Structure formats: C-alpha cells, structure tokens
Amino acid sequence: MTSRVESSLTSQLDRIDRVRVAREARAILRDQHITLSHGSGGKATHTLIDALFVPAFGDPATDGFADAATFSTNGVGSPRLAFTTDSYVVSPLFFPGGDIGALAVNGTINDLAMSGARPLCLSLGLILEEGLEMDVLRRIVASLSSAASVAGVRIVTGDTKVVPRGKADRLFINTSGVGLLREDVELSAESIRPGDAILVSGDMADHGMAVMLAREALELETDIRTDSAALHTLVDAILDAAPATRLLKDPTRGGLATTLNEIARRANVGIVVEESAVPIKPEVRGACEILGLDPFHIANEGKLVAVIPGEQAASALASMRAHTLGLAAAIVGTVHAGPEGMVVLRTPIGGSRVLDMLVGDPLPRIC
Amino acid sequence: MTMQFVDEFRDPTSIRHLADEIARRSAGKTFKFMEVCGGHTHSIYKHGLQDLLPQNVELVHGPGCPVCVIPMGRIDDAMAIARNPGVIFATFGDMMRVPSSSGSLLDAKADGADVRFVYSPLDALKLARDNPDRQVVFFAVGFETTAPSTAATLLRARSEGLRNFSVFCNHVTIIPAIKAILDSPGMQLDGFIGPGHVSTIIGLSPFEFIPALYRKPLVVSGFEPADILQSIVMILDQLEKRAPAVENQYARVVRPEGNRRALEILSTTMELRPHFEWRGLGFITQSALKVRAEFADWDAEVRYPVPGLRVADPKACQCGEVLKGVIKPWQCRVFGTACTPETPIGSCMVSPEGACAAYYNYGRYSLMKQGAALDTVPA
C-alpha cells in the first residue's frame, strides 16, 4: 500500500475522530424556536432533554435515559416503584388497527414495563378542543377503557380541560402510570457486555407506517395496522425466562435505529445488527421503499428491544415466541466492545453501514 | 404489496459474482467513476456497496441530488414567498431543512409561515382545491424526473381554472451540469454511472456527446445493488475495449427515446432560463427551467415579489468541490464538525442523498474498518 493512500487514510481517521468528539460534546441548544424536530424522538429531542431538562430537573431517579423513574418510598424492604408519564397528540385520532385512546394506555404501560415494573394504575388527562364531536370522544373513552381492561390496569384519576377552537388539534391525552418493580431483576444499560444478544419482539415499523399511510396526502392501499399493545405480560415472560436480562426498551419514536443508538452510547459499546434478521412485514418494507423512508427509523408501539446475555438469549427468544405479542421475535444482533457508541448494520449483500439516530422528522425523499 | 422486482436485484450470490468480475477486470489499475444521480449515492451507502468494491475502484458522488444543487438565494426566495399572508407553501420533505442565509423552511414554519410537506405537486393542487380562500405555492425542485409532474400540474391548474395555485419553479437539467464537471479543471473521472430516472424522461441520445467528445463511457443504471455493479462491469468492459459509448443497463425501465409525452408537456409549460446558479458549481447557462409566459398566472415568481438576491455560499463550505468530485466529503473543512446532518451548513449534508449526509451516515464505518486493518501493520 502506498504512503499516499496511508496518509489519506490517516487524515480520514483523524476526521472521524473529530466527528466522534463533536458528537460526544455536551449538548448545546442553539435553536431559537421549537421546531417539529424537537418532538421527533431523534437528535433534536435528545439535545433538548440533555441541554435543558436534565440540568433543570436532574435527579437520581430520572437520568434522561430510562423510560420511567424508579424509587423507594422509604426504609429498607419497602417496595420499589416506577413512575412515568407520556402525552399523545397523534393525528389522525383513528388509524388502521387502533386509535389515540388505546395508544395512550398501552404506551404508558410499556414505559413502566421497560423499567421492569408491573403496572398498578394510570391517570388520564384530556385536553379537548372546542367543537370536538361528542361521538368521537365517546369512541376514544371506550377505547381507553377497553385497552385498560385488556391490560388489567385501572385508570384511577383524571382531569379534563377544554381549549378554544384552533388552540389544540381536536384531542390530546396525557397518561401517567405507577408500577411495582420486580425485585428479582436489575435493568440498566451499564450492565451490557460484549457478547450480549439483541432481540426484538416482532415486526418493526408497523405503527409509524399505519399512521403515516392514514394521513390524507397518501393514497396507498395497504393492510398495514398499528401494533399498539401493552407489553407487560411479555416482559414478565422474558424476565422469568432470562432473569439476567440487561435492558429492555420500546422502540417508539425514532424507531429501532434510534433506540439501538441510545443503548450503544449509554453502554459505550458497539452494536452489530444483521439487516436480514430484522423482521419487517413485506408490505411495510414496500411502503417504506416507495416513500423513501428507512423502516429502522419508523415508530413501533407494541414491540420491544431486549439486550440479553448470550447464554440466555435462546430461552428469552423461546419465551417471546410462546407469547402472542412475540410470535415474530428474533435475535437481530450482538453487542461488541466497539466501535463505541455506534450501531453497524450488515446488509444482506455483504456490505455494512452505520445506522444512525433519526435526524429531524422522517422526511420523505423526493426521488 | 410484495417486494418482487426488488429482492431479485439484491441476491447475495449474483452480487458476489458481479463484485468478483469487477475485481478481475479492474486489477492492476485505478479507476474513478462518478455516479451522477443522488439515488445511486443513496443506494450505494444503504447497501454498503463500497465494501464489495476493490480499493482501486472509487466512486465519486455527482451533482444529481436536486436538494443539494439549489443555491442559498433560492431558499431565501422560497421563505419570502412562504411568509406572504394567506400563502400555503407546499414543499417536498427534503427541502424543509435546507439552510437559507437565515434559517430554513422549518424555521419559517415554526415562525408562523404555513409550510406543508407534500409527496407530489398533485397533492399541492389538491391543497389549493381544498383551500379556495388561500394561495397555494408549490416549491418545484428536481431534475427532468420530477419536472414533468410539475408540468402536468400546471396544465391541470389551467384546465380547472384554479386561480389560487402557483409554482415556484426551480427545475434543473442534468446535461449542462455533467458538461460543467467534464470541463472543470482537475477532473479525473474515467466514466459515468448514468442517471436512471432522468433517462426515463430524456432518453439516451442527450448523453452521446460524452463518449463522442470526451471519450468517457456512460452506462445508464438502475438503482438496486446488482444494477450498479453490473453498470460498473459494463463501464470497465468499454474501457478495456477502448470503445466508450452510451449504454443502457436499465432497459427494463428506460426506453432509448425517453418519454416523448413527458418531454412534450415540459416544453408546453416551461422553457430554459438563460442561466441558473447551481450550489457550488456557480452559474451554468441554459441549465434550468422556468414557467413559460403563457402560464404566468401560475408562476409564483410573477405573482410574488422575490428578493432574487445572490447569496454567496458560506466560505467554509466546500459543497462545490464535493459536487464536482474534486474532494471527498470528509476532506471538506467543516465536514462532521461544524456541518452535520443536524446543523447543516451546506446542502450536501441535508438530503440523505447528499454526498456528505450519505457519507456521514453510512460511510464512516467502512473507513474505520480500513483504519483497523492499518493498525495491525507494525509502525
């Protein structure tokens, strides 16, 4: 190899190192306004959390990474609790396979479940726009109630506000939830080690594509439905089968790619994913292909990512596949010592690429 | 909806054969080929195709990303139009994040402008029908691939007598840009992977000057991994035989004569501008389209005052050299430090098809692997 090639390579590697340093630098909030990117779950959201919320509310119980805060009431032997909150502003309110009501119940249950907690009860806050059809509200309340009863979780307190026409988009929901942490498991990104397996509980990108296709501008005929589901019983099955489970996350906004990047950065490891092992329905893959979207960046509402020690991966996988919400579960990747903080996708044709977090909203490519 | 017609072009075995063929034919020499179209760049990174190419075959990313070549001043103009009271400004998603001299359309939206993203100009037309009391302006960008749908929309707007719809036309044509690159000093390309989608419209004959005058091969290529690799084999074959020509690898889609109907409606509704500024490449004569005077009622540049100022590209930004293939994205002064996909300075960092964004997102790992291989060599 010539020296010219080597020196060019060295300067490229230098540049990569500068990129790495720039990426790891403390988040600075430069934006003058809130843009939609701040709500997309990708990089802008992380900057907002790291630069504004964590410094303001920094608390040992909330580290900006976990889906729920965990704490004890007081004293030795008192139960450990998990507490979480989430707001739902999806448009349209109804989409194939679900609606905002079921989403609001399942999403908050899932945040509790991912921290290893069994959900106890939920609160329900409704913000209604003047003029909302009573029939729509009735349907959504019925859906909230039915999702809660399917999940075996009660909605125990609530609040209602009405804002003038035009000050909200029909109906927004906030739910908070309290859960009881399992004593036999300890979930944290810090426990992740090279050799751990990455599992997903089923087909990726269903929810995001179902909602996107339900929006008026797109006239693609498909059977894609949301995967919205409460995952706490699946989590119980996984934790029973693989008590050494390192971490559970639900890949919602920003999709699998964003979740895996969060894990890789937090645990300071490299994650290698086999693209062909990631379950994606053909029609979802096709719709993404047509719209120029990456299914790894599309939201899920009834799937989880599990990091499991290699020796328990097979039993964890078996427990998932034995559960109705994990029939298409798969081992999709492994944890490596490096490249630190990066997710690498091996493509079916034998190439590889970096799978990065979502930047901004998923904007369709034009050609 | 299945993935038939896609998966067969991603079959690992045939791809391995093609990669071996490229290695065999290119052995002992170095080659630089430009993929003209941003869609190819995207596919190359998405599939990690560079991992399959020998190190002596280098792909240079060309000017064919429509988002990347729009000069900053036109985004300023777009934002000025979008800020007119009553205007709904309809744009493709990619354009929302392209920086102007102050902010992007996303910022204009956060600031109160009604900016909406659409998938086609016909969606914008529907917006106009659904909002008769508002003015809808469609931000038309793109090469000959997207220009005919804008043309069809103009015709439809006229036939429906829609008075609250207009087009801010920024369509560009690929041939003058390729010529500018061929004429630029320091150009060292050995051949071109020709733009598949553009060629469905313009056909093959507009490329004939490339082998005739510049003695370089051009193979119009599809977008799947096997398409691109096969096109490289075809280019190598032409070079071996010293017989540069225009060939069509994408014959399942591209007809030699192009799409006459599309070209017809293009020339009915639009005409060449005397010159147009390309980001990084500067002014290129007869390289862009404007709405014809007969359609002035639907021309946003007639309807609204646009500043039309020329805004110099940021000094540190080297998009121009990247677009010309003179430097690689990572060689730019600001790549990955000041200029990232979250805070792009140059437009090449905005669209996932932009050479810099593609490189930032997908290219770094293969470099690291090469670096790791180097590390094992004793110092």
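Described in the following lines is the structure provided in the data block. Keep in mind the model is a prediction, meaning the values are calculated, not measured.

1. Considerations on the sheet that holds strand E5 (residues 135-142) of chain B
All names here are of chain B.
Okay, step 1: One open sheet accounts for four strands, arranged E4-E3-E5-E6; its pairing is parallel. Each having just a single partner strand, strand E4 (114-117) and strand E6 (165-171) make up the two edges of the open sheet. Within the sheet, the average angular offset between the axes of one strand and its neighbour, ignoring direction, is 25 degrees.
Okay, step 2: The pairing of strand E3 (residues 87-91) with E4 spans four bridges and is parallel. Bridge pairing links threonine 91 to phenylalanine 117 in E4.
Okay, step 3: Contacts between helix H3 (residues 72-82) and the sheet are confined to E3, E4, E5 and E6, with E3 contributing the most and set at about 145 degrees to the helix.
Okay, step 4: Sheet strands in contact with helix H6 (residues 147-160) are E5 and E6, and its direction is about 160 degrees off that of E6.

2. Re the pairing of strand E13 (residues 343-346) of chain A
All names here are of chain A.
Okay, step 1: Bridge count for strand E10 (residues 270-274) against E13 is four bridges, and the pairing is parallel. For valine 272, the partnering residue across the bridge sits in E13 and is valine 344.
Okay, step 2: Relative to strand E14 (residues 352-354), E13 runs antiparallel, the two being bridged by three bridges. Looking across to E14, one finds that valine 344 is bridged to valine 354.
Okay, step 3: Remark: five residues form the turn of the hairpin made by E13 and E14, two consecutive strands paired antiparallel; glycine 350 in that turn has positive phi of roughly 95 degrees.

3. Examining the packing of helix H3 (residues 100-114) of chain A against helix H4 (residues 134-151) of chain A
Residue and element names in this part refer to chain A.
Okay, step 1: Where H3 meets H4, the axes come as close as 7 Å, and the angle between the chain directions of the two elements is 35 degrees. The handedness of the crossing between H3 and H4 comes out as right-handed. In contact with Ile100, Gly101, Ala102, Ala104, Val105, Asn106 and Ile109 of H3, H4 contributes Ile140, Val141, Ser143, Leu144, Ala147, Ala148 and Ala151.
Okay, step 2: Partitioning the contact of H3 with H4 into residue classes produces 11 nonpolar, three polar and no charged.

Definitions and cut-offs
The residue numbers shown here count from 1 along each chain, following its written sequence. For naming, the first written chain is A and the first written ligand is 1, with later ones following in the order written. The model is predicted, so local features are restricted to residues of pLDDT at least 70 and side-chain atom pairs to those at 80 or more, both for listing and for counting; the totals for chains, interfaces and linings are taken over all residues. Strands qualify as paired when DSSP identifies two bridges or more between them. What counts as a helix is a DSSP run of H or I of at least four residues, what counts as a strand is a run of E of at least two, and both are numbered from the N terminus. Convention adopted: a line fitted to C-alpha atoms gives each axis, helices being fitted over their contacting stretch, and angles between N-to-C directions are expressed from 0 to 180 degrees. Our contact criterion uses C-beta atoms placed from the backbone: two residues qualify when those atoms are within 7 Å. By definition, turning the near helix anticlockwise from the far helix through less than a right angle yields a left-handed crossing, and turning it clockwise yields a right-handed one. Polar here means any residue outside two lists: the nonpolar Ala, Val, Leu, Ile, Met, Phe, Trp, Tyr, Cys and Pro, and the charged Asp, Glu, Lys and Arg; Gly therefore counts as polar.

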